[in-house]
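Examining the three-dimensional arrangement
The residues making up each chain are set out below.
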Amino acid sequence: MAARQSSLSLHRAVVFAATVFTVAAAIFLLDNNLYSHPDRFQESDYIMTFYVAGHLAAAGRSNELYPEPDARSFIDSPFDKAAHALLPHLPKTTTGAYMYIPLVAGFFAPFSFVGPNLSLFFWQALSVLALALCCWLLSRLTVVKISDAFFLSFLYAPVFLTLWAGQLGLGLGLLPLAIGYFLLIKERPFAAGLVWSLLLLKPQYFIAAAFVSLACALTGRYRTFFAMSLGSLLLVGLTIAVFSPSVTMQWLLSHKVSDAYFFEGLQGIPSHLITGLPANLMILLPVDERRAVKLPLYAVAALAWFVGLWFCAKFRKTQWPQSAQISLAFVVSLILSALTMPHLLYYELCVLLPAGFLLLAKNGPLPNDKVLRSVGTVGWIAVSAFLPFLLTFTKYKTLPLLLEIILLSLFLILLWNLDRRFRLGTHAVIG
């Protein structure tokens, strides 16, 4: 009884601290963006990328979104020039670059009708609402108070950094991901697949959803995979219809420039914030040696996904509930995304947030297991605790690699625990 009371008191203290931090973070973001340092925010990801892209789309200048097909850099590209023309306080040494599907530029066209800082504020507010909706959906599946889930999510450092930079991870990544997962658990697989196809707008989250839909297909449940494929084709068709085949082709061809942006040293990239094992290993090497190891590293990363798929396919041989099998495949896919995706920055680790909630929940679809909760707790703390070190020791490229090694170790512990359960053929708690 005393231990239970102590645990409850600790929980209340953590939630209170999270609430205070959430309010402080909101005040900090609002003040810095609109009042204290508005000019400095012109270098934020949102303003120099999505605000500019929305402006070009609204002005009918979508042909300026991407570099020329033979370009090897974003420097002096039409988009870079447009960014500097639109944003007078953008440093000359900063390169404007847009790497998303043209539909994202169209999405942000209405946001370009106001000033850049006010536009950023509107997007931050929508991102917070998206986060709240994600927490509501996850709380319904994990029997956690929505207020606790919402405020605790702000203690996960990638969430704050996503809001600070105005990135897409919450609104166009986490929200469709959570809605699709919720629909799949509620046995609406076709609707889940259609929602997940929207992740084509935020491709760093797309692979995780595709993994789960493929895992379902391997167990004879094809509707999610079919709907996701159909939705993706419709989005590509819509892109061609709205933005023309030539702009769509420019987007596809720009991916080789995107790869150079990250790995060939042709322009600046915050290497201290790069995550994903292939990228973290690659940036340790001299630029002229990276090309030789890129394909082998990508091959190993692809193999990891196939191993994960094989592992998840074993769940169908158990008597575990379908919700548990889907949730385990979901968690595996999210962690694999954080470990293997090539063009991933620290704030994209928001992809791990649903995995954290599912692993930590005592009454969710996953087994109530101390090992799972320990993996979730250590992972949550490790990712958040690393942010101040990554921002302080920017020259140490091994720091992001160390974080990925910690996540890999936790992932292997998770798989070991699940394999032990599989061998015992039980969904019950293992002491």
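Before reading further, recall that the structure is shown in the block above.
Right, let's walk through the structure included here. Nothing here was measured: the structure is a model prediction, and the numbers come from that model. (Residues numbered from 1 in each chain as written. Predicted model: local features only at pLDDT ≥ 70, side-chain atom pairs only at ≥ 80, totals over all residues. Heavy atoms only, no water.)

To continue, consider the packing of aromatic side chains. Counted by the stated rule, this structure contains 29 aromatic pairs. Connected via pairs of aromatic rings, a cluster forms that spans Tyr46, Phe50, Tyr66, Phe79, Tyr98, Tyr100, Phe107, Phe108, Phe111 and Trp123. (Phe/Tyr/Trp six-rings, centres within 6.5 Å; stacked < 30°, edge-to-face > 60°.)

So, on to the side chain of glutamine 250. Structurally, the position occupied by glutamine 250 is in helix α11 (residues 223-253). Glutamine 250 gets classed as buried once you look at its relative accessible area, which sits at 15%. Apart from the residues lying within four places of it in its own chain, the contact partners of glutamine 250 are Asn63, Tyr66 and Pro67. (Helix = DSSP H or I, 4+ residues; strand = E, 2+ residues; numbered from the N terminus. Buried < 20%, exposed > 50% of the residue type's maximum accessible area, 1.4 Å probe, protein only. Contact = heavy atoms within 4.5 Å.)

As a further point, take unusual backbone geometry. Here the phi dihedral of aspartate 76 falls at roughly 60°; this positive angle occurs in a residue that is not glycine. Tracing the backbone through its elements, the reader meets aspartate 76 in the loop between α2 (45-58) and α3 (78-86). Among the residues examined, aspartate 76 registers a relative accessible area of 55% and is labelled exposed. For glutamate 187, which is not a glycine, the phi torsion comes out positive at approximately 65°. Its location among the elements puts glutamate 187 in the loop between α8 (169-185) and α9 (189-197). Note on glutamate 187: relative accessible area 62%, which makes it exposed.

Position of alanine 13 relative to the elements: it lies in helix α1 (residues 2-36). The exposure class of alanine 13 is partly exposed, given its relative accessible area of 43%. Remark: the alpha-carbon pair of alanine 13 and alanine 324, spanning 311 residues in sequence, is separated by 31 Å.

Running from N to C, α2 and helix α5 (residues 116-142) point in directions that differ by 95°, and their axes come no closer than 10 Å. Here α2 is positioned roughly perpendicular relative to α5, judged by the angle of their axes. Where α2 abuts α5, its residues Tyr46, Ile47 and Tyr51 lie against Pro116, Asn117, Ser119, Leu120 and Trp123. Of the residues that constitute the contact of α2 with α5, the class distribution is six nonpolar, two polar and no charged. (Axes fitted to C-alpha atoms, helices over the stretch in contact; angles between N-to-C directions. Parallel < 35°, antiparallel > 145°, perpendicular 65-115°, else oblique. Nonpolar A, V, L, I, M, F, W, Y, C, P; charged D, E, K, R; others polar.)

This part is about the pattern of salt bridges. Where charged atoms from two side chains of opposite charge come close, those side chains can pair. What the rule picks out here adds up to two salt bridges. In this structure, lysine 202 engages glutamate 348 in a salt bridge whose closest nitrogen and oxygen atoms are separated by 2.6 Å. Of this pair, lysine 202 sits in the loop between α9 and α10 (203-218) while glutamate 348 sits in the loop between β2 (344-345) and α16 (353-360), and the two are 146 residues apart along the sequence. In terms of burial, lysine 202 and glutamate 348 fall into one category: buried. (Salt bridge = Lys/Arg side-chain N within 4 Å of Asp/Glu carboxyl O.)

It is worth spelling out the nonpolar core at this point. Ranked by size, the top nonpolar core spans 130 residues in total, and within it Tyr98, Trp196 and Tyr346 carry the most contacts. In terms of residue count, the dominant contributor to this core is helix α15 (residues 322-340) (12 residues). If we skip the residues at most four places from it in the chain, tyrosine 346 touches Ala157, Pro158, Leu161, Leu273, Thr275, Val383, Ser384, Leu387, Leu390 and Leu403. (Core = buried A, V, L, I, M, F, W, Y, C linked by side-chain atoms within 4.5 Å.)

Our next topic: empty space enclosed by the protein. Rolled over the atoms, a probe sized like a water molecule indicates the empty space that remains. Inspection of the entire model under this criterion finds three cavities of 30 Å³ or more. What lines the largest cavity is a set of 14 residues, and nearest its centre among them are Leu352, Val375, Gly379, Trp380 and Leu407. Within the residue set of the lining of the largest cavity, elements represented by two or more residues are α16, α17 (370-392) and α18 (398-424). Broken down by element, the lining of the largest cavity gets its largest block of residues, five residues, from α17. Among the residues making up the lining of the largest cavity, the classes are represented as 11 nonpolar, three polar and no charged. One number sums up the size of the second largest cavity: a volume of about 90 Å³. Looking at the second largest cavity, the residues that line it are Val212, Ala215, Cys216, Thr219, Arg221, Cys312, Ala313, Phe315, Arg316, Gln325, Ile326 and Ala329. For the lining of the second largest cavity, the secondary structure elements donating two or more residues are α10, α14 (287-313) and α15. Grouping the constituent residues of the lining of the second largest cavity by class yields eight nonpolar, two polar and two charged. (1 Å grid on protein atoms, 1.4 Å probe; cavity = no way out; pocket = protein on both sides within 12 Å on 5 of 7 lines; lining within 4 Å. Points joined across faces, edges and corners; volume = space filled by probe spheres on them.)

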